Amino acid sequence: MRDLLRVLLRIGAVTLFEAIAVFVMARLVSGISITGSTSQQVLAAISIAIVLGLLNALIRPLIVLVGLSINLYTVGLFTLIVNAGILLLSAFFLPNFEVDSFFAAVMGSFVLSIVNTFITGLISIDQ
């Protein structure tokens, strides 16, 4: 029971910090926006974090596996393109989340990676 509680708390913490990272990304990258009132933006950031987590868990591994040779040739830059596609796909599903172009999605995935790395390094959520 204690392990289940620990896992649920970790999932909640990761989702919260991912929502903060999404909110920062939307503020820093032009072409990516979260619309609505403040409360709608907070709920949208949380739902974006959940959808990104689900898509990254379900779809991303298959795409990375199929594009493994491309990823080797591009020294990992193909992963940034995959993340941009996941960001565009999540914008397709969520009404208050808008990504204007593929370039904005690439920049957004880059910023999201940097912010996630920074937050994860601060709180050491990897354990």
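What counts as what
- Residues numbered from 1 in each chain as written.
- Predicted model: local features only at pLDDT ≥ 70, side-chain atom pairs only at ≥ 80, totals over all residues.
- Heavy atoms only, no water.
- Core = buried A, V, L, I, M, F, W, Y, C linked by side-chain atoms within 4.5 Å.
- Buried < 20%, exposed > 50% of the residue type's maximum accessible area, 1.4 Å probe, protein only.
- Helix = DSSP H or I, 4+ residues; strand = E, 2+ residues; numbered from the N terminus.
- Contact = heavy atoms within 4.5 Å.
- Expected span 1.5 Å × (residues − 1).
- 1 Å grid on protein atoms, 1.4 Å probe; cavity = no way out; pocket = protein on both sides within 12 Å on 5 of 7 lines; lining within 4 Å.
- Points joined across faces, edges and corners; volume = space filled by probe spheres on them.
- Nonpolar A, V, L, I, M, F, W, Y, C, P; charged D, E, K, R; others polar.

### Re the nonpolar core
Here is step 1: In terms of nonpolar packing, the biggest core is built from 31 residues, with Met-25, Ile-32, Ile-34 and Phe-97 touching the most fellow members.
Here is step 2: Among the elements of the structure, helix H1 (2-28), strand E1 (32-34), helix H2 (38-58), helix H5 (77-93), strand E2 (97-99) and helix H6 (102-123) are those that each provide at least two residues to this core.
Here is step 3: If we skip the residues at most four places from it in the chain, Ile-32 touches Met-25, Ala-26, Leu-87, Phe-97, Glu-98, Val-99, Ala-104, Ala-105 and Gly-108.

### A look at H5
Here is step 1: When the terminal C-alpha atoms of H5 are compared, their 25 Å separation across 17 residues agrees well with the 24 Å that a helix rising 1.5 Å per residue should span.
Here is step 2: Three or more residues of H5 are buried, namely Phe-78, Thr-79, Val-82, Asn-83, Ala-84, Ile-86, Leu-87, Ser-90 and Ala-91.

### Here we look at the layout of surface pockets
Here is step 1: By volume, the largest pocket is sized at about 350 Å³.
Here is step 2: Around the largest pocket, the lining comprises 18 residues; the ones closest to its centre are Glu-18, Leu-52, Gly-53, Asn-56 and Asn-116.
Here is step 3: Listed by contribution, the elements that provide at least two residues to the lining of the largest pocket are H1, H2, H5 and H6.
Here is step 4: Here the lining of the largest pocket is composed, by residue class, of eight nonpolar, seven polar and three charged.

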